[in-house]
Amino acid sequence: MDLFPWLLKLYEMMGLQLFIILSASSLRQATYTTVRFGIYGAVRSSKKDSTLNFFEKVSLAAVSGAIGAFVGAPADLVNVRMQNDCKLPKEKRRNYKHAIDGIARISREEGTKKLFNGASMAVVRGALVTVGQIAFYEQVKQMLLASGYFKDNIVTHFSSSFVAGGVATLLTMPFDVMKTRMMNAPPGTYNSLLDCFRDIFSVGPSGFFKGFVPAFIRLGPHTILTFIFLEQLKKHFGYIKTDKQCQKCL
């Protein structure tokens, strides 16, 4: 199916609700992504030479991703509910006006604790995604620059983020496949995550990576654009200019 006819069909089905859902997606990124990148960058910058070995990168990325996912759990919950609202009968729809309204109503009607429903799974996935994206991006970039064939430019940023997107997809696919299988399975099919793991593994390890290309198409461009824009922001706004540099700008 072509992209534009698909988008038109999606708009016809959801109407203005499509744009309302974007508020939840935006809030999730504003909380989850900002926190994980912020923590990683702040801790790394606290070191005198701002350099980390690979183990330190992976460890810091995992912790940052886990914390970010926990902070972003309320927005993630609202995002999922708003996306599924159109599938429900009209009398059962929640009809959140926007993301903030959704969080306020859940807190008021169901209790604050409900906002973190499913946070444990989000924390695990957040840690894996952040390891794949940030830790591997920095490691691959470091290796490319050390080779002498690459400079700190957009080519290096694209290459590093492309690899990071692939690694992030590989790391999260088994978890996403199990999560999707459990969500779509009839009640009573699986008693635990381990049961689901055994069922998928029975067809071989490849079962955990079914649908890799669509998964990469979703996560790959996101990773690439994130780091390309981040590097440009760091280049132009990531430091305080000295008096001499300011005079050159005049």
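Quantities reported herein were computed from a predicted structural model and do not represent experimental measurements.

### Some thoughts on the overall build of the protein
Phase 1: Counting its regular elements, the protein contains ten helices and zero strands.
Phase 2: Along the protein, helices and strands appear, N-terminal first, in the series α-α-α-α-α-α-α-α-α-α.
Phase 3: Here the protein holds 250 residues, and the buried ones make up 36% of them.
Phase 4: Within the protein, counting contacts between residues at least 6 apart in sequence, those at least 24 apart form 70% of the total.
Phase 5: Just so you have it, the protein exposes about 15600 Å², and 66% of that area is on carbon and sulfur atoms.

### As for the nonpolar core
Phase 1: Judged by nonpolar contacts, Phe 37, Tyr 40, Leu 52, Leu 60, Ala 61, Val 131, Ile 134, Ala 135, Tyr 137, Ala 164 and Phe 227 together constitute the single largest core of eleven residues.
Phase 2: When residues of this core are traced back to their parent elements, those giving at least two are α2 (17–46), α3 (54–71) and α6 (119–147).
Phase 3: In terms of residues, this core owes the most to one element, α6, which gives four residues.
Phase 4: For Tyr 40, the residues in contact, after removing those within four places along its chain, are Leu 52, Lys 57, Leu 60, Ala 61, Ser 64, Ile 134 and Glu 138.

### Focus: the side chain of Ser 161
Phase 1: Note that Ser 161 resides in helix α7 (residues 154–184).
Phase 2: One polar contact links the side chain of Ser 161 to the main-chain carbonyl oxygen of Phe 158, over a distance of 3.0 Å.
Phase 3: Those residues in contact with Ser 161 that sit more than four places away from it in its chain are Tyr 137, Thr 223, Ile 224 and Phe 227.

### A look at the side chain of Asn 79
Phase 1: If you trace the backbone, Asn 79 turns up in helix α4 (residues 73–85).
Phase 2: Classification of Asn 79 as buried rests on a relative accessible area of 9%.
Phase 3: At 3.1 Å, the side chain of Asn 79 and the side chain of Ser 25 are in polar contact.

### With respect to α4
Spacing of three or four residues puts side chains on the same side of an α-helix, whose turn is 3.6 residues.
Phase 1: Between the first and last C-alpha of α4 there are 18 Å, a value that for 13 residues agrees with the 18 Å anticipated at 1.5 Å per step.
Phase 2: Of all 13 residues making up α4, ten are buried, and the element is well covered by its neighbours.
Phase 3: Within the span of α4, buried status applies to Ala 73, Pro 74, Ala 75, Asp 76, Leu 77, Val 78, Asn 79, Arg 81, Met 82 and Asp 85.

### Structural notes on the pattern of salt bridges
Phase 1: Under the criterion given, the structure shown has eight salt bridges.
Phase 2: Of the charged contacts in the structure, one is a salt bridge between Arg 28 and Asp 76, with a shortest N-O distance of 3.3 Å. Remark: Asp 76 occurs in helix α4 and Arg 28 occurs in helix α2; sequence separation between them is 48 residues.
Phase 3: In this structure, a network of salt bridges that share partners links the residues Lys 141, Asp 152 and Glu 231.

### Some thoughts on the packing of aromatic side chains
For any two aromatic rings, the description comes down to two numbers: the centre-to-centre distance and the angle of the planes.
Phase 1: One pass over the structure, following the stated rule, counts ten aromatic pairs.
Phase 2: Centre to centre, the rings of Phe 212 and Phe 216 are 6.3 Å apart; their planes meet at 15 degrees, and the pair counts as stacked. Of this pair, Phe 212 and Phe 216 both sit in helix α9 (residues 212–237), four residues apart, which is roughly one turn of that helix.
Phase 3: One aromatic cluster in this structure is built from Phe 158, Phe 162, Phe 212 and Phe 216.

### Re the confidence of the model for the protein
Should pLDDT be low for a region, the predicted coordinates there are not to be read in detail.
Phase 1: Across the protein, the average pLDDT comes to 83, with 85% of residues at or above 70.
Phase 2: The element-level mean pLDDT for the protein is lowest in helix α10 (residues 243–249), coming to 50, with α3 highest at 95.

### Remarks on the packing of α3 against α6
Each pair of packed helices gets described by two things: the angle between the helix axes and the distance between those axes.
Phase 1: Between α3 and α6, the least distance of the axes is 6 Å, while the angle of their chain directions is 145 degrees. Relative to α6, α3 is oriented so that their crossing is right-handed. Here α3 contributes Phe 54, Lys 57, Val 58, Ala 61, Ala 62, Gly 65, Ala 66, Ala 69 and Phe 70 to the contact with α6, which in turn contributes Ala 119, Ala 122, Val 123, Gly 126, Ala 127, Thr 130, Val 131, Ala 135, Phe 136, Glu 138, Gln 139 and Gln 142.
Phase 2: Broken down by class, the residue content of the contact of α3 with α6 amounts to 14 nonpolar, five polar and two charged.

### Overview of a nonpolar patch on the surface
Phase 1: Taken together, the side chains of Val 63, Ile 67, Phe 70 and Val 71 present a nonpolar region at the surface, about 320 Å² in accessible area.
Phase 2: As for its position among the elements, Val 63 is in helix α3.
Phase 3: Residue Val 63 is classed as partly exposed on the basis of its relative accessible area of 47%.

Scoring rules and cut-offs
Residues numbered from 1 in each chain as written. Predicted model: local features only at pLDDT ≥ 70, side-chain atom pairs only at ≥ 80, totals over all residues. Heavy atoms only, no water. Helix = DSSP H or I, 4+ residues; strand = E, 2+ residues; numbered from the N terminus. Buried < 20%, exposed > 50% of the residue type's maximum accessible area, 1.4 Å probe, protein only. Contact = heavy atoms within 4.5 Å. Areas by Shrake-Rupley, 256 points an atom, 1.4 Å probe, with all protein chains shown as cover. Core = buried A, V, L, I, M, F, W, Y, C linked by side-chain atoms within 4.5 Å. Polar contact = N/O pair within 3.5 Å; in protein donor to acceptor, adjacent residues only side chain to side chain. Expected span 1.5 Å × (residues − 1). Salt bridge = Lys/Arg side-chain N within 4 Å of Asp/Glu carboxyl O. Phe/Tyr/Trp six-rings, centres within 6.5 Å; stacked < 30°, edge-to-face > 60°. pLDDT = per-residue confidence, 0-100. Axes fitted to C-alpha atoms, helices over the stretch in contact; angles between N-to-C directions. Left-handed = near helix turned anticlockwise from the far one by under 90°. Nonpolar A, V, L, I, M, F, W, Y, C, P; charged D, E, K, R; others polar. Patch = residues over 30% accessible without salt bridge, like charges linked within 9 Å, V, L, I, M, F, W, Y side chains within 5 Å.

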